[in-house]
Amino acid sequence: MNSETGFVLWFTGLSGAGKSTLTEAVAPLLRGRGRRIEVLDGDEVRLNLSKGLGFSREDRDTNILRIGFVANLLARNGVGVISAAISPYRETRDAVRRMVEADGVRFIEAHVAASLEECEARDVKGLYAEARAGKRPGFTGIDDPYEPPAAPEIVIPTGQEPLEASIDRVLGYLEREGLIARAAEVIR
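Predicted model, so just to flag it, every value in this text is computed and none were measured.

### Overview of the overall build of the protein chain
So, step 1. Regarding its fold elements, the protein chain presents 8 helices and 5 strands.
So, step 2. Rg of the C-alpha trace for the protein chain: 16 Å, near the compact-globule value of 16 Å for 188 residues, within the 12% margin.
So, step 3. Each of the 188 residues in the protein chain was classed as buried or not, and the buried ones make up 48%.
So, step 4. Long-range contacts, defined as pairs at least 24 residues apart, comprise 76% of the intrachain contacts of the protein chain with a sequence gap of at least 6.
So, step 5. Of the charged side chains in the protein chain, 25 are positive and 29 negative, and the gap between their average positions amounts to 2 Å.

### Some details on unusual backbone geometry
So, step 1. Phi at Ser87 is positive, roughly 40°, even though this residue is not glycine.
So, step 2. Counting through the fold element by element, Ser87 comes out in the loop between strand S3 (80-84) and helix H4 (90-102).
So, step 3. What makes Ser87 buried here is its relative accessible area of 2%.

### Structural notes on the nonpolar core
So, step 1. Core analysis: the largest hydrophobic core is formed by 31 residues, its most contacted members being Leu9, Phe11, Leu30 and Leu174.
So, step 2. If sequence neighbours within four positions are ignored, Leu174 has contacts with Phe7, Leu9, Leu30, Ile108, Leu179 and Ile180.
So, step 3. By size, the runner-up hydrophobic cluster in this structure holds 15 residues, among which are Val8, Leu40, Ala85 and Val96.

### Looking at helix H7 (residues 163-176)
So, step 1. If you check H7, its first and last C-alpha atoms are 20 Å apart, about what 14 residues at 1.5 Å a residue would give, namely 20 Å.
So, step 2. Among the residues of H7, Ser166, Ile167, Val170, Leu171, Gly172, Tyr173, Leu174 and Glu175 are the ones counted as buried.
So, step 3. Gly178 lies just past H7 and shows a positive phi near 75°.

### Things to note about the sheet that holds strand S4 (residues 106-112)
So, step 1. Strand order in the open sheet formed by 5 strands is S2-S3-S1-S4-S5, with parallel pairing between adjacent strands. The open sheet has two free edges, formed respectively by strand S2 (37-41) and strand S5 (154-156), since each of these has just one partner strand. Strand-to-strand twist in this sheet, taken as the mean axis angle between neighbours without regard to direction, amounts to 20°.

Cut-off values and rules
- Residues numbered from 1 in each chain as written.
- Predicted model: local features only at pLDDT ≥ 70, side-chain atom pairs only at ≥ 80, totals over all residues.
- Heavy atoms only, no water.
- Helix = DSSP H or I, 4+ residues; strand = E, 2+ residues; numbered from the N terminus.
- Rg over C-alpha atoms; globule rule 2.2 N^0.38 Å.
- Buried < 20%, exposed > 50% of the residue type's maximum accessible area, 1.4 Å probe, protein only.
- Contact = heavy atoms within 4.5 Å.
- Lys, Arg positive; Asp, Glu negative; His and termini not counted.
- Charge placed at Lys NZ, Arg CZ, Asp CG, Glu CD.
- Core = buried A, V, L, I, M, F, W, Y, C linked by side-chain atoms within 4.5 Å.
- Expected span 1.5 Å × (residues − 1).
- Pairing = 2+ DSSP bridges.
- Axes fitted to C-alpha atoms, helices over the stretch in contact; angles between N-to-C directions.

Below you can see the structure in the form of structure tokens.
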């Protein structure tokens, strides 16, 4: 395991699928294994780096490409980056992948695969209810598409497994790929 090798772990999925929850759980564990980790949360980036963008296809693409650009800058300098952004369009995610991989950096697409019904049931922010009531036009999964990844490196069925199993799924992949030390190696 080379702790100087950057990577981009790109969580994608519907609003409420568990991207931020996974990020909040995984990031400190990766840091505990000696990795420099930065988190690029879609909501936070939209407030700071992409302020003023709306939710048109063009604005969503711009936001995701900006997140990808920053992730790539960090990762090519040895940082492990976790992005937690809906990133609804496959073509845009693929463009980010090409950008990152062109610099020799690993891009790991992780589909946080909760169904629309599961996400609506969780709806802690009330966003789906607003979208169903017509107060949030263009909401992903309701009246704007979410295009699931065609061949993600990791599929995380958050609606069908406990959080700990999802965390183990992510850590196991990163261990097998040599991007983080195995837990037993950290203790030594």
